[in-house]
Every structure is written in C-alpha cells, then in structure tokens.
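Letter by letter, the chains look like this.
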Amino acid sequence: MNILLSTKSIKLIIEKLRLALLFVLLLSISTSSFGWGRTGHHTIVDIAQNYVTKSTLDSISKYIENDSWHASSTWMDELRGNKQFDYMRKWHYVNVDKDKAFSPSIENGDNVVTQLDSAIFNLRNRRNLTPEQVTLNLKVLFHLMGDLHNPLHAGYGFDRGGNDVRVVFKGKSFNLHRIWDTEIIETNQYFEENISTKVKNTKRRKLKRIAKGNATTWFIDTRSALPTVYALSSDTITTEYLEQGHPVAENLLFLAGVRLGYTLNDIFRKY
Ligand SMILES: [Zn+2]
C-alpha cells in the first residue's frame, strides 16, 4: 500500500515538474509583436527604479511589490486573448501618416499617446480610484511608456507600423516591426553596458529636461527615429543597418526609463 502511494506521489511530482518545465519553456519562447520585447520593457523599469526616490518606491510598493516591476511592465502584453481586457487591444501603438499630426481622438482615444496621458492623469487623481484601479493604471503606465518609445509603435499607417514590410534577417523572413521590437536589442551585445554608462554619466539638469513634457511631445521624439528605421538599402537586414539602429534604440530605452522614473516621482510626491 505504502509503495503504491509513493509511486502515485512520484507520478504526481513528475507531472508537476513537467508542467513547470513547460511553463518555463513557453515563457522563454513567447515573443511579442505588441511592443519592446521582454528585455526592452525590463530595461526601462530598471532604469526608472534607479531614479525613483525612496518615498516614491515605498508608495508604489503598496500597489506593486518591489520585485515585480518586471512582471508589471509586460502585463499588458500577456493579456492577448483575454476578453476582459479586450478594450486595451489598440493601446500599444498609434499610426500617424507622414505629413499628419497626432490627434488624441485617433481610434477614439484607443491609442498609446492618449492612453499613456490618461494613465498619468488617473494616477495623479488616484483619490478617486480603488487600490486595484491604481495598480492597473501603474501597469498601464509602466508598459505604455515603453511602447511609446518604440519607433514602430509610433509609426506610419501605410505599412501598419512596419508590420507590412517584409525583410530578410539571418536568412529568415521577418517583418520590420519585429526587428524593432526585439532583434534590435537582442543583436546588441553592448546595450546593457552602454545604457548603464548613460545612466551614470547624464547630469541631473539634463535628466530633468529629458523628463519634461507629456505623451504628445514624447511621441514627437520617438518619431525622429523613423528615418533610421526606414534606412533600408535593400530588403535584407545588414550588420550596418543594425549598427546604426543600436544607439538609437539604446537612447529610446534610456529616455523611456528616465521619463518613467521622473513621472512616478511627480505622481507620488504629493499625498
Ligand atoms: Zn505593448
């Protein structure tokens, strides 16, 4: 009897281990076409954590544990297929044609610029929110600050933010959007080193200047990266193309991190 029970227990343990392994595997292979890949979003909140004050960190920890900033930053990407949050489906990006200006009413406000500003507004006025709503708005802020600083999430309409541009990379077919979501970071072996140097060397006065503005002005900054994104000499992604893109992507991640940190300090300064 005892032997039978322990065999059953072993089978149960093996099954649990198998499921755990499958989960880890799924996490590692899942790629997102909904913004910077996981590495990009994690980098942004890491930079932001560097700039938030102790009191901001303490205030945020009431809503988000200090060690789950990473998970919070990608929460919006993990909602795909979840009907409850279907209303957020278009919040990750905005497409604006070359000669047009941004308008807050694009997609009836269901766009990254309007929703980022809205999350910041909601958090400033959090007296009207439940703790659950504060947590939700923080997750939206963490994620959309990242997405807004991805040039193909602030791209043109004609090719749906690079989704319709086919390119060849390492002998395989990709779309340009995917190159800028993940490959531009994953192919840059120095990106962590370069960003941490930037974090260390940027003076406070410059940081304050970087952090000024709102989602509409940050959108304009991100759009200035589009000529680099479209500087394709052929349909093949070359080493030169990637090398030109690397510092641009590093800078955008840095801007997003600084802006997130300072915005959080500003939101939680009062109360
Ligand atoms: Zn996204």
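Basis of the calculations
Residues numbered from 1 in each chain as written. Predicted model: local features only at pLDDT ≥ 70, side-chain atom pairs only at ≥ 80, totals over all residues. Helix = DSSP H or I, 4+ residues; strand = E, 2+ residues; numbered from the N terminus. Buried ≥ 20, exposed ≤ 12 C-beta atoms within 10 Å, placed from the backbone. Contact = placed C-beta atoms within 7 Å. Arc of directions from axis to C-beta. pLDDT = per-residue confidence, 0-100. Core = buried A, V, L, I, M, F, W, Y, C linked by C-beta atoms within 7 Å. Pairing = 2+ DSSP bridges. Axes fitted to C-alpha atoms, helices over the stretch in contact; angles between N-to-C directions. Parallel < 35°, antiparallel > 145°, perpendicular 65-115°, else oblique. Left-handed = near helix turned anticlockwise from the far one by under 90°. Nonpolar A, V, L, I, M, F, W, Y, C, P; charged D, E, K, R; others polar.

A short note on the overall build of the protein chain
1) Next: From N to C terminus, the protein chain includes 12 helices and 2 strands.
2) Next: For the protein chain, the residues scored as buried account for 35% of the 271 residues in total.
3) Next: When contacts within the protein chain are restricted to residue pairs at least 6 apart in sequence, long-range pairs at least 24 apart make up 75% of them.

Examining helix H10 (residues 215-223)
1) Next: Buried within H10 we find Ala-215, Trp-218, Phe-219 and Thr-222. Looking straight down H10, one finds that the buried residues subtend no more than 110° of arc, so they occupy a single side. Pointing more than 90 degrees away from the buried face of H10 are the exposed residues Thr-217 and Ile-220.
2) Next: Packed against the buried residues of H10 are helix H5 (112-124), helix H6 (131-148) and helix H12 (239-268).

So, the confidence of the model for the protein chain
1) Next: Confidence in the prediction of the protein chain, expressed as mean pLDDT, is 90, and 87% of residues score 70 or more.
2) Next: Note that pLDDT drops below 50 for residues 22-32; the model gives that stretch 5 contacts with residues more than four away or on any other chain.

Considerations on the nonpolar core
1) Next: Formed by 54 residues in total, the largest nonpolar core has its most connected members in Leu-116, Leu-141, Leu-144, Met-145 and Leu-148.
2) Next: Those elements giving two or more residues to this core turn out to be helix H2 (38-51), H5, H6, helix H7 (176-186), helix H8 (191-201), H10 and H12.
3) Next: Apart from residues lying up to four places away in sequence, Leu-148 is in contact with Val-112, Val-113, Leu-116, His-153, Ala-154, Ala-215, Trp-218, Phe-219 and Thr-222.

What to know about unusual backbone geometry
1) Next: Phi is positive for Glu-107, which is not a glycine, with a value near 55°.
2) Next: Looking at where Glu-107 falls in the secondary structure, it is placed in the loop between helix H4 (69-74) and H5.
3) Next: The residue Arg-160 is not glycine, and still its phi comes out positive at about 45°.
4) Next: On the secondary structure map, Arg-160 appears in the loop between H6 and strand E1 (166-169).

Things to note about the pairing of strand E2 (residues 172-175)
1) Next: Where E1 and E2 come together, 4 bridges link them in antiparallel fashion. Considered in E2, the bridge of Val-168 is made with Ser-173.
2) Next: Connecting the antiparallel pair E1 and E2 is a turn made up of 2 residues, with Lys-170 showing a positive phi of about 50°.

Quick word on the packing of H5 against H10
Two packed helices can be described by the angle between their axes and the distance between those axes.
1) Next: Packing of H5 against H10 leaves a shortest axis separation of 9 Å and a crossing angle of 140°. Viewed along their axes, H5 and H10 adopt a mutual orientation that is oblique. With respect to the hand of their crossing, H5 and H10 are arranged in right-handed fashion. Together, Val-113, Leu-116 and Asp-117 of H5 and Ala-215, Thr-216 and Phe-219 of H10 make up the contact between the two elements.
2) Next: When the residues that make up the contact of H5 with H10 are grouped by side-chain class, the tally is 4 nonpolar, 1 polar and 1 charged.

Concerning the packing of H2 against H6
1) Next: Where H2 meets H6, the axes come as close as 10 Å, and the angle between the chain directions of the two elements is 115°. Considering the angle they form, H2 stands roughly perpendicular to H6. Handedness of the crossing formed by H2 with H6: right-handed. Where H2 abuts H6, its residues Gly-40, His-41, Ile-44 and Val-45 lie against Phe-142, His-143, Met-145 and Gly-146.

Considerations on the environment of Asp-181
1) Next: On the secondary structure map, Asp-181 appears in helix H7.
2) Next: When the 24 C-beta atoms within 10 Å are taken as the criterion, Asp-181 is described as buried.
3) Next: Between the C-alpha atom of Asp-181 and that of Thr-39, which follows or precedes it by 142 residues, the distance is 9.8 Å.

Side note on the environment of Val-96
1) Next: In this structure, Val-96 sits in the loop between H4 and H5.
2) Next: For the pair Val-96 and Ile-106, spaced 10 residues apart in sequence, the C-alpha to C-alpha distance is 8.7 Å.
3) Next: Residues within four places of Val-96 in sequence aside, it is in contact with Phe-102 and Gly-157.

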